[in-house]
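So you can see what is in the structure, the chains are spelled out below.
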Amino acid sequence: MAVPTNSEYKKSAVAQIIGRLIGSELIGLCFALFYVFAKKPLGALANVVFGFCTLGCTLCLFADYCLKLGGKIKGNVTLHKEKPEPYFGVILGIIASAPYYISYIVLVLSKVGVLGSFTGYFKLINSQFFPIIDLFAKSSTATADISAGTMIFIALLPAAIIATCHICYKITYNNIDVAQKLLYKK
């Protein structure tokens, strides 16, 4: 059995990231259903708890795959003299956050008045961030009424996915022993 090449790993990685994006969307929808019932009695605490859990599950989905992929690609670079790919994790993070930013562009168009209010749809499309976004912009809030600071904050949310994919990929790509770094710190 031949070892897959890095180009094969990269093609598979794009499909895997898209699959994990769909999985994170489904996880977000499940958490959103519970969040809707919990937000009335818990208030802002529900946003924090459900936002943390949803985002945590989403990041774990991407981190798991990127941790596995970095070592495989580095193995081919080392053993089979393939082209180094030290920043492929960033590319995976960008692919994973692309649907978010496409819907964000529609949200901005809605804010400037080109389209009707898109806030509720935006949160549904990006359900993995629903409780966090709902903390600053309720579903009943018209998109035009969302503050500029909130719009900037909303734009920065997928940076967590990009950073997670990159960091986890680099950990195994560079063969960093995280446990040793944390436990046996000099």
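Reading guide: rules and limits
- Residues numbered from 1 in each chain as written.
- Predicted model: local features only at pLDDT ≥ 70, side-chain atom pairs only at ≥ 80, totals over all residues.
- Heavy atoms only, no water.
- Phe/Tyr/Trp six-rings, centres within 6.5 Å; stacked < 30°, edge-to-face > 60°.
- Helix = DSSP H or I, 4+ residues; strand = E, 2+ residues; numbered from the N terminus.
- Buried < 20%, exposed > 50% of the residue type's maximum accessible area, 1.4 Å probe, protein only.
- Lys NZ or Arg CZ within 6 Å of the ring centre and 35° of its normal.

A.B. asks: Looking at this structure, I do not really get the packing of aromatic side chains. What am I missing?
C.D. replies: A ring pair, where both rings are aromatic, is described by two values, the distance of the centres and the angle of the planes. As enumerated under the stated definition, the model contains 11 aromatic pairs in all. An angle of 70° between the planes, with centres 5.2 Å apart, marks the rings of Y100 and F129 as edge-to-face. Residue Y100 is located in helix 3 (residues 88-111), and its partner F129 is located in the loop between helix 4 (119-125) and helix 5 (130-136); the two are separated by 29 residues in the primary sequence. Comparing Y100 with F129 shows no difference in burial state: the two are buried. Through a chain of ring-to-ring contacts, three or more aromatic side chains come together here, namely Y100, Y101, Y104, F122 and F129. Against the face of Y173 rests K74, its NZ or CZ located 4.9 Å from the ring centre. Geometry around Y87 places K170 over its ring, the cationic atom sitting 4.9 Å from the centre.

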